[in-house]
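Geometric and topological summary
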Amino acid sequence: MQHPLAFARQVVTGFSKNQGVLLAGAVAHYALLSVVPLLIVAVIVLSHVLPQDELLVTLGQYLEWLVPSQSKSLLDDISSFLDSGVGTSVVLTATLLFFSSLAFSTLEKAMAVIFAHRKAVHKRHALVSAVLPYCFMLALGIGLLVVTVISIGLEAIALETVHAFGRDWSLKGVSGGMIYLLGLGVEIFIFTATYIILPIGTTSWRHAMVGGVTATVLWEVIRHALIWYFTHLSKVSVVYGSLTTAIVALLSMEIAALLLLFGAQVIAEYERAGEE
């Protein structure tokens, strides 16, 4: 706080030295391979608890946060797989889980590069690293279940009206705002949990929370800018044709991964400053 410009320059220098853009590209590449299999597995499992239609509606709402302007295309791919009647065999489930774990494993290795200064003190067992991606997937599945249940309740509230000052006031706007805040809270929680769990060693929850809020605010600004750009200016569908969804999804995920790793670099540089 006393030397913000010097600290910002130190963060950018450290991020460049760690090849942060290259690491973000690797994370985004595997995230693109992982997102559809992960969501397919989540919907198949959770459809035993909640109606599949409700799960798909919730996914459609929050996929827009991850891949602006292309959530419908991804949701159509997931729906097509579910409607194809393919049985969930052991081999298929294992294949989906394997591809789903790639992004988490890559992100863990990227975090290890950024937090390299912790390696001399802390070690992580290989078995923990192998199980950690699946624990993250389980946590995301539980989160999807909870968010879907809450969203169903908020959508029910939207149908209600309140009589006050001689008028009937619809709660649809209140419900929409609460759904947005719910998504914002989930986004902050995912960023913060990533900073606490994935890096080797211990991250202060305060540092992780600051990083999570910062990354969320930056991503929300960029996400809305991307939506406006793809809606009004972009000609990506003309240039890439049938590859449009993949290109836009990869770009969105790379920007999100870049912000996630940059937030981790901020925490790492703050720790180094404290040690010095």
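Quick caveat: nothing in here was measured; it's all calculated off a predicted structure. (Residues numbered from 1 in each chain as written. Predicted model: local features only at pLDDT ≥ 70, side-chain atom pairs only at ≥ 80, totals over all residues. Heavy atoms only, no water.)

**Overview of the confidence of the model for the protein chain**
The criterion, for reference: Confidence scores here are pLDDT values: one per residue, from the predictor, ranging 0 to 100. Helix numbers and strand numbers start at the N terminus; a helix is a DSSP run of H or I with at least 4 residues, a strand a run of E with at least 2.
A residue-level look at the protein chain finds 84% of positions with pLDDT of 70 or above and a mean pLDDT of 78. Predicted confidence in the protein chain is weakest over strand β1 (residues 161–164), with a mean pLDDT of 53, and strongest over helix α1 (residues 4–17), with 86.

**Regarding the pattern of salt bridges**
As a reminder of what qualifies: What counts as a salt bridge is simple: a side-chain nitrogen of Lys or Arg found within 4 Å of a carboxyl oxygen of Asp or Glu. The buried label goes to any residue with under 20% of its type's maximum accessible area, the exposed label to any with over 50%, and the partly exposed label to all in between, with areas taken from a 1.4 Å probe on protein chains only.
Applying the stated criterion across every chain yields a total of one salt bridge. As a salt-bridge pair, Glu220 and Arg223 come within 2.9 Å of each other at their nearest N and O atoms. Here Glu220 pairs with Arg223, and both are found in helix α8 (residues 205–232), just three residues apart, close to one helical turn. In this structure, Glu220 and Arg223 share a single accessibility class: buried.

**Some words on a nonpolar patch on the surface**
Note the threshold: In this analysis, a patch consists of residues with relative accessible area above 30% that form no salt bridge, clustered at 9 Å for like charges and at 5 Å for the nonpolar side chains Val, Leu, Ile, Met, Phe, Trp and Tyr. Working definition of accessibility: Shrake-Rupley area with a 1.4 Å probe, residue cover restricted to the visible protein chains.
On the surface, Ile196, Ile197, Trp205, Met209, Val213, Val217 and Val221 cluster together into a nonpolar patch covering about 600 Å² of accessible area. Among the secondary structure elements, those contributing two or more residues to the nonpolar patch are α7 (172–197) and α8.

**Describing the nonpolar core**
Condition: Definition used in this section: a nonpolar core is a set of buried Ala, Val, Leu, Ile, Met, Phe, Trp, Tyr and Cys residues joined via side-chain atoms within 4.5 Å. Any two residues having at least one pair of non-hydrogen atoms within 4.5 Å are treated as being in contact.
The biggest cluster of nonpolar side chains holds 25 residues, and the ones touching the most others in it are Leu107, Met111, Phe115, Tyr195 and Leu261. It is helix α10 (residues 244–275) that contributes the most residues to this core, six residues altogether. In this structure, Met111 is in contact with Thr194, Tyr195, Leu198, Pro199, Leu260, Leu261 and Ala264, ignoring residues within four places of it in sequence. Among the nonpolar cores identified, the runner-up in size contains 23 residues, and Leu39, Leu46, Leu59 and Leu82 belong to it.

**So, the side chain of Thr106**
Looking at the secondary structure, you find Thr106 in helix α5 (residues 90–114). For Thr106, the contacting residues outside a window of four places in its chain are Ala26, Val27 and Tyr30.

**So, the layout of surface pockets**
Going by this rule: A 1.4 Å probe that fits into a set of points on a 1 Å grid over the protein atoms alone but cannot get out defines a cavity; an open set with protein on both sides within 12 Å along at least five of seven lines defines a pocket, and lining residues are those with an atom within 4 Å of a point. Grid points are joined across faces, edges and corners, and a volume is the space filled by probe spheres set on the points.
Considered as a void within the structure, the largest pocket measures approximately 1,400 Å³ in volume. Around the largest pocket, the lining comprises 40 residues; the ones closest to its centre are Leu38, Leu66, Phe104, Leu140 and Ile190. The set of elements that each furnish at least two residues to the lining of the largest pocket consists of α2 (20–46), α3 (52–66), α5, α6 (126–158), α7 and α10. When residues of the lining of the largest pocket are assigned to their parent elements, the largest contribution, nine residues, is made by α7.

**Details of the packing of aromatic side chains**
Short version of the rule: Note on aromatic contacts: the rings of Phe and Tyr and the six-membered ring of Trp form a pair at centre separations within 6.5 Å, being stacked when their planes are under 30 degrees apart, edge-to-face when over 60 apart, and tilted otherwise.
Summed over the entire model, instances satisfying the criterion amount to one aromatic pair. Their ring planes at 75° and their centres at 5.4 Å tell us that Phe15 and Phe262 sit as a pair that is edge-to-face. Of the two residues, Phe15 is situated in helix α1 and Phe262 in helix α10; the sequence distance between them amounts to 247 residues. A relative accessible area of 9% means that Phe15 is categorised as buried. Judged by its relative accessible area of 29%, Phe262 is partly exposed.

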